[in-house]
Every structure is written in C-alpha cells, then in structure tokens.
Amino acid sequence: MRFFLGMHRSVLTQELKSLGKRIPILDFNNFKFEIYSDLLASDGIHPSDKGYELMAKETLLSIHKNR
C-alpha cells in the first residue's frame, strides 16, 4: 500500500508541476525541507500534525516573500 501511495504521489506531483508551467498564476509550493519520520503520520505518506504545521509556516513565508 505504501508503495502504491508513493507512486500515486509522484504522479500527482508531476501533474501539478506540468499545470504550473502552463498556468503561471498557479503556485505549486514544492517544500525544500528534509522529511523526518516525525513529520509523517503513521501511514508514512500523509503529514503528521507537526508536518502540517511546518508546511503552513513555509507557505506563509512563501506568500510574504512573493508579495
């Protein structure tokens, strides 16, 4: 299951990048931080509460930077 979800995530990521190239207003925020186990939920795919918190902080930094 983890392998399948990982492959699915990869396909979705590629599609979002493709859309971002075709639609300039679309901002695909590709986070640039190391992913540690405490940032993931027990399924190993989805973010934990701590992971979502880090993503929210990074998103806010990106918004402020691109104003």
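Before any of the text, the structure's been laid out above.
Description of the structure in this document.

1. Looking at the overall build of the protein chain
Each helix and strand counted, the protein chain has two helices and zero strands in total. The buried share among the 67 residues of the protein chain stands at 7%. Across the protein chain, the fraction of contacts at a sequence separation of at least 24, relative to all contacts at a separation of at least 6, is 38%. Of the roughly 5,900 Å² that the protein chain leaves accessible, carbon and sulfur atoms contribute 62%.

2. A short note on the pattern of salt bridges
Scanning all chains against the criterion turns up three salt bridges. A salt bridge links Glu-53 to Lys-57, with the nearest nitrogen and oxygen atoms 3.3 Å apart. One end of the pair, Glu-53, and the other, Lys-57, are both in helix H2 (residues 49-65), four residues apart, so they sit about a helical turn from each other. Its relative accessible area of 46% is what places Glu-53 among the partly exposed residues. The class for Lys-57 is partly exposed, based on a relative accessible area of 49%.

3. Overview of the side chain of Ser-48
Here Ser-48 lies in the loop between helix H1 (2-22) and H2. Judged by its relative accessible area of 14%, Ser-48 is buried.

4. A few points about the environment of Arg-2
Along the chain, Arg-2 falls in helix H1. Spatially, the C-alpha atom of Arg-2 lies 7.2 Å from that of Gly-44, the residues being 42 residues apart in sequence. When sequence neighbours within four positions are dropped, the list of residues in contact with Arg-2 reads Ser-42, Asp-43, Gly-44 and Ile-45.

What counts, and at which threshold
- Residues numbered from 1 in each chain as written.
- Predicted model: local features only at pLDDT ≥ 70, side-chain atom pairs only at ≥ 80, totals over all residues.
- Heavy atoms only, no water.
- Helix = DSSP H or I, 4+ residues; strand = E, 2+ residues; numbered from the N terminus.
- Buried < 20%, exposed > 50% of the residue type's maximum accessible area, 1.4 Å probe, protein only.
- Contact = heavy atoms within 4.5 Å.
- Areas by Shrake-Rupley, 256 points an atom, 1.4 Å probe, with all protein chains shown as cover.
- Salt bridge = Lys/Arg side-chain N within 4 Å of Asp/Glu carboxyl O.

No statement about biological role is implied by the geometric values presented.
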